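Letter by letter, the chains look like this.
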Amino acid sequence: MAVGKPVRHHKPRTFGFVAKVSVAVVLGLCFVVVWSAFSSPSTAVSEKRSSFGDINEPPAVDPRKKAAVEKEKKKKKTRSADSEAGGVGSRPKEEVKEKESGRDANSEKSEKSEKGEGEEEERDGREGNGDSEPDVDVDGEKEGPLEERIEEEKDGDLASDGGDDDNKTKGKKKKVLGPLFEPKGNYNWRECNVKTGHNYIPCVDLEASKFPRYRHHERSCPRTVPHCLVALPTGYQSPVPWPESEWKIWYGNVAHSKLSAFIKRRSWLNLTGDHLIFNESEGRAVHYLNSIEEMVPDIEWGKNIRIVLDIGCSDASFSASLLGKEVTTLSLGLMDDQVDLAQVALERGFPAVVGTLGNRRLPFPSGVFDAIHCGECNINWHSNGGKLLVEMNRILRPGGYFVLATKHGEIERDEAMSTLTASICWNILAHRTDEISEVGVKIYQKPASNDIYELRRKKYPPLCKENEDPDVAWYTPIRSCVYTLPSSIEQRGTDWPEEWPQRLNNFPEWLSDTRDHLIADSKHWKTIVNKSYLNGMGIDWSKVRNVMDMKAIYGGFAAALAPQKVWVMNVVPVHAPRTLPIIYERGLLGIYHDWCESFSTYPRSYDLLHVDHLFTRLKKRCNKPVGIVVEMDRILRPGGWAIIREKQKILNPLEAILRSLHWEIRMTFSKDKEGIICAQKTTWRP
């Protein structure tokens, strides 16, 4: 018996061809009208705007790879000229091919070895580590490792390498990833049930411990990115706006018992009512800075010295005093500091991160800090073979200064420190002990050329191998070796940067053709910031002090905000081109980070987050990218803003997630499949 209904035969339609075409056109127009009305969200602000600058992200070029390509081109031209002239440098074509083949093989082997140093130490348990999966971009196209080529980023898509890699993938089934966020996801949020409560830092706090404030010795993130929301302190209040916050903050926003004990031992800290007052009337920090300049006149704060790393940040009085001299100081709050002074620095409006000085490198490139300061930070620099001081030598600029202030010096420690600094060829410029405070200050200077390394009597620590990359710094162990210094004008670090503020927009010779990209990037962000961000989004910039660019390239966004009373943390993702040295060269701050993990800072650290095509890059790396949104909620202060620029297909579900977090959508705008959202975090907690 046949299954289903019998087929009925209809008589052919009598409509003419013209009538059919007319009906099709009318239906098509109706579809376009309906689609345009419902394809993207809109608000009153977005309806009024006809443009929002260039929504697409600017291109990025890795200057390290660019320089290598230019150097190889020059070598080939020289060999070609010698061969044609038939002179001393000429060789038979067969010999040239054989030599070049061997060199290319060795170069490739060296590059792979160099790249492997930074990657082999990444945590195996990191959430969303996509390195074991085939490299696939957001549209399912094959993509090579980002660090192994000069990457041109455009329209939020990853450029294809082409060539042999593309030929290898032909005939193979390409892996197509699903949507970044669930289009119809239903999010039921809860507060984090953790011992550290409202101060929870996932990759720092050890939740398995019985003690409430115990922390890891090294950065160690949970295998699963937290999908809970950090609670607010009881009676939390919006931070005191800048510049008043420089000397007064709400104590309840940072209060805990150990901080209270610290305040009682410091005469310049006063708890008055609900406020913590920083009394700098005695000018102790200003006197300290002036004495350093007297000891070494070449240290011209704000001119010769622009970027400083302060180890162990204290109460940020050092940063506050340098701020008046146009110096930007990044405080490194140590993980074993139970007083949480880095949180106090951030609440005051000063740059700070949480880190550790242990077996791994700090997440900074080599040779970027003009000076490093350690004021009574109680670190045994000479222990463990002097590894920690070797790390300071790596990140300190050639010719840079190391200022060490200690109290009640020990003879054995001083002798060990002298031996260690001599072994890495640091020159002690001055030594003075204050009779009143009994604090001894020593100022060292890193050499600016390699000649002095050849004069060492003892070759320990040894010089690092040529194939070891000093800029690899994410989960990378500290090498007990000294890197040779740049010696040619094409290398970064041969010349000291220009004085501030000229160094912000005057680009040195070693950047070569990359300078054109920097100029274009600066113009791009200056236009967007001035025409849109400062006036067109409803952001109250008088309440913005701490800003983070979650995917910085050349620091163009931060440079555009330089006239404002803000500071910007430029985060360069570890999978992106290594442009962080350029950011420091311009006199700006930055750090390496992998957004598949939590950032090393306290909750409620930032007033504004800028997110430019970040989620597109993380689709193939993070298992649950929604964890990045949760992290944004953790580090953003209630009342703070987020500006998110992305593809429209990502922004639509992202807006739904933000609404589920009770963020207020202040503006949306879309054009050519690209879009922008401006949202404001509220005080809502589940």
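Residues numbered from 1 in each chain as written. Predicted model: local features only at pLDDT ≥ 70, side-chain atom pairs only at ≥ 80, totals over all residues. Heavy atoms only, no water.

1. Quick look at the overall build of the protein chain
(1) Moving on: On a plain count of helices and strands, the protein chain comes out with 17 helices and 17 strands.
(2) Moving on: Sequence separation of at least 24 residues holds for 72% of the intrachain contacts in the protein chain that already meet a minimum separation of 6.
(3) Moving on: Working note: accessible area of the protein chain is about 33300 Å², and carbon and sulfur atoms make up 52% of it. (Helix = DSSP H or I, 4+ residues; strand = E, 2+ residues; numbered from the N terminus. Contact = heavy atoms within 4.5 Å. Areas by Shrake-Rupley, 256 points an atom, 1.4 Å probe, with all protein chains shown as cover.)

2. Looking at the nonpolar core
(1) Moving on: Grouped together as the largest cluster of nonpolar side chains are 140 residues, with contacts concentrated most on W381, F402 and F615.
(2) Moving on: When residues of this core are assigned to their parent elements, the largest contribution, six residues, is made by helix α16 (residues 626–635).
(3) Moving on: Ranked by size, the runner-up nonpolar core spans 20 residues in total, among them Y288, M295, A430 and V439. (Core = buried A, V, L, I, M, F, W, Y, C linked by side-chain atoms within 4.5 Å. Buried < 20%, exposed > 50% of the residue type's maximum accessible area, 1.4 Å probe, protein only.)

3. Quick word on the packing of aromatic side chains
(1) Moving on: Per the stated rule, a full pass over the model turns up 15 aromatic pairs.
(2) Moving on: With 6.1 Å between their ring centres and 75 degrees between their planes, W525 and F557 make a pair best called edge-to-face. Residue W525 is found in helix α12 (residues 514–533), and its partner F557 is found in helix α13 (residues 556–560); the two are separated by 32 residues along the sequence. Here W525 and F557 have matching classes, each one buried.
(3) Moving on: Ring geometry for W595 and F599: centres 5.8 Å apart, planes at 20 degrees, overall stacked.
(4) Moving on: With relative accessibility at 2%, the residue F599 sits in the buried group.
(5) Moving on: Taking the ring centre of W500 as reference, the NZ or CZ of R306 above it sits at 3.5 Å. (Phe/Tyr/Trp six-rings, centres within 6.5 Å; stacked < 30°, edge-to-face > 60°. Lys NZ or Arg CZ within 6 Å of the ring centre and 35° of its normal.)

4. Remarks on the pattern of salt bridges
(1) Moving on: All told, the structure shown has 20 salt bridges when counted by the stated rule.
(2) Moving on: The shortest N-O distance in the salt bridge between R432 and E294 comes to 3.6 Å. Within this pair, whereas R432 is found in strand β9 (residues 427–433), its partner E294 is found in helix α7 (residues 284–295), the two being separated by 138 residues in sequence.
(3) Moving on: By relative accessible area, R432 is classed as partly exposed at 37%.
(4) Moving on: Residue classification places E294 among the exposed positions, given a relative accessible area of 56%.
(5) Moving on: In this structure, R397 and E585 form a salt bridge, with 3.4 Å as the shortest nitrogen-oxygen distance. Here R397, found in strand β8 (residues 396–407), pairs with E585, found in helix α14 (residues 580–585); they are 188 residues apart in sequence, far enough to count as distant. One exposure class covers both R397 and E585, and it is buried.
(6) Moving on: In the salt-bridge network here, residues are joined through shared partners; they are D370, R397, R503 and E585. (Salt bridge = Lys/Arg side-chain N within 4 Å of Asp/Glu carboxyl O.)

5. Observations concerning the confidence of the model for the protein chain
(1) Moving on: Looking at the protein chain, the pLDDT average stands at 80 and 73% of residues meet or exceed 70.
(2) Moving on: The model gives residues 1–15 a pLDDT under 50, and that stretch makes one contact with residues more than four places away or in other chains.
(3) Moving on: Within the model, the stretch residues 36–51 combines pLDDT values under 50 with 24 contacts to residues more than four positions away or in other chains. (pLDDT = per-residue confidence, 0-100.)

6. Here we look at the state of the cysteines
Cysteine pairs can be covalently joined through their sulfur atoms, and such a bond is termed a disulfide.
(1) Moving on: Per the counting criterion, the structure on display carries five disulfides.
(2) Moving on: Bridging C203 to C221, the disulfide has an S-S length of 1.9 Å. On the sign convention where negative is left-handed, the bridge of C203 and C221, at about 110 degrees about the S-S bond, is right-handed. One end of the pair, C203, is in the loop between α5 (164–169) and β1 (248–250); the other, C221, is in the loop between α5 and β1, and 18 residues separate them in sequence.
(3) Moving on: For C203, a relative accessible area of 2% translates into the label buried.
(4) Moving on: Between the sulfur of C596 and that of C622 lies a disulfide, 2.0 Å long from S to S. Sign of the S-S torsion, about -90 degrees for the bond between C596 and C622, identifies this disulfide as left-handed. Here C622 lies in the loop between α15 (614–618) and α16 and C596 lies in the loop between β13 (589–593) and β14 (606–612), a separation of 26 residues in the sequence.
(5) Moving on: Numbered by order of appearance in the sequence, the disulfide-linked cysteines of the protein chain pair as 1-4, 2-3, 5-6, 7-8, 9-10. (Disulfide = S-S within 2.5 Å.)

7. Here we look at the sheet that holds strand β2 (residues 269–272)
(1) Moving on: If you trace the three strands from one edge of the open sheet to the other, you get β1-β3-β2, paired in antiparallel fashion. Sheet topology places β1 and β2 at the edges, where each strand pairs with a single neighbour. With strand direction ignored, the average angle separating the axes of adjacent strands in the sheet is 25 degrees.
(2) Moving on: Pairing between β1 and strand β3 (residues 275–278): three bridges, direction antiparallel. Counterpart to I249 in the pairing with β3 is L276. (Pairing = 2+ DSSP bridges. Axes fitted to C-alpha atoms, helices over the stretch in contact; angles between N-to-C directions.)

8. Here's the deal with the side chain of E585
(1) Moving on: With a relative accessible area of 6%, E585 lands in the buried category.
(2) Moving on: Only 3.4 Å separates the side chain of E585 from the side chain of R397, close enough to count as a polar contact.
(3) Moving on: Once residues within four sequence positions are removed from consideration, E585 is found in contact with R397, R492, P497, R503, P508 and W510. (Polar contact = N/O pair within 3.5 Å; in protein donor to acceptor, adjacent residues only side chain to side chain.)

9. Some thoughts on the pairing of strand β5 (residues 328–334)
(1) Moving on: Counting buried positions along β5 gives seven out of seven residues, so the element sits mostly inside the fold.
(2) Moving on: Here β5 shows no split at all, with T328, L330, L332 and L334 on one side and T329, S331 and G333 on the other all buried.
(3) Moving on: Pairing of strand β4 (residues 307–311) with β5 involves five bridges; the strand directions are parallel. The residue bridging V308 from the neighbouring strand is T329, located in β5.
(4) Moving on: In the classification by handedness, the crossover that spans β4, the intervening helix α8 (residues 317–323) and the parallel β5 is right-handed.
(5) Moving on: In terms of strand pairing, β5 meets strand β6 (residues 352–355) through four bridges, oriented parallel. Each residue of the ladder has a partner; that of L332, found in β6, is V353.
(6) Moving on: Each parallel crossover has a hand, and the one from β5 via helix α9 (residues 341–348) to β6 is right-handed. (Right-handed = clockwise from strand over helix to strand, strands pointing away.)

10. Concerning a negative patch on the surface
(1) Moving on: A surface patch of negative charge is lined by D298, E300, E498 and E499.
(2) Moving on: Along the polypeptide, E499 turns up in the loop between β10 (439–445) and α12. (Patch = residues over 30% accessible without salt bridge, like charges linked within 9 Å, V, L, I, M, F, W, Y side chains within 5 Å. Lys, Arg positive; Asp, Glu negative; His and termini not counted. Charge placed at Lys NZ, Arg CZ, Asp CG, Glu CD.)

11. So, α7
(1) Moving on: Relative to the 16 Å expected for 12 residues at 1.5 Å per residue, α7 spans 17 Å between its end C-alpha atoms, a close match to the ideal helical length.
(2) Moving on: Inspection of α7 places A285, Y288, L289, S291, I292 and M295 among the buried residues, and these make up the whole buried set. The buried residues of α7 occupy one face: seen down the axis, they fall within an arc of 160 degrees. Looking at α7, the residues exposed on the side facing more than 90 degrees away from the buried face are H287 and E294.
(3) Moving on: Buried residues along α7 sit in contact with α8, β7 (369–375), β8, β9 and β10. (Expected span 1.5 Å × (residues − 1). Arc of directions from axis to C-beta.)

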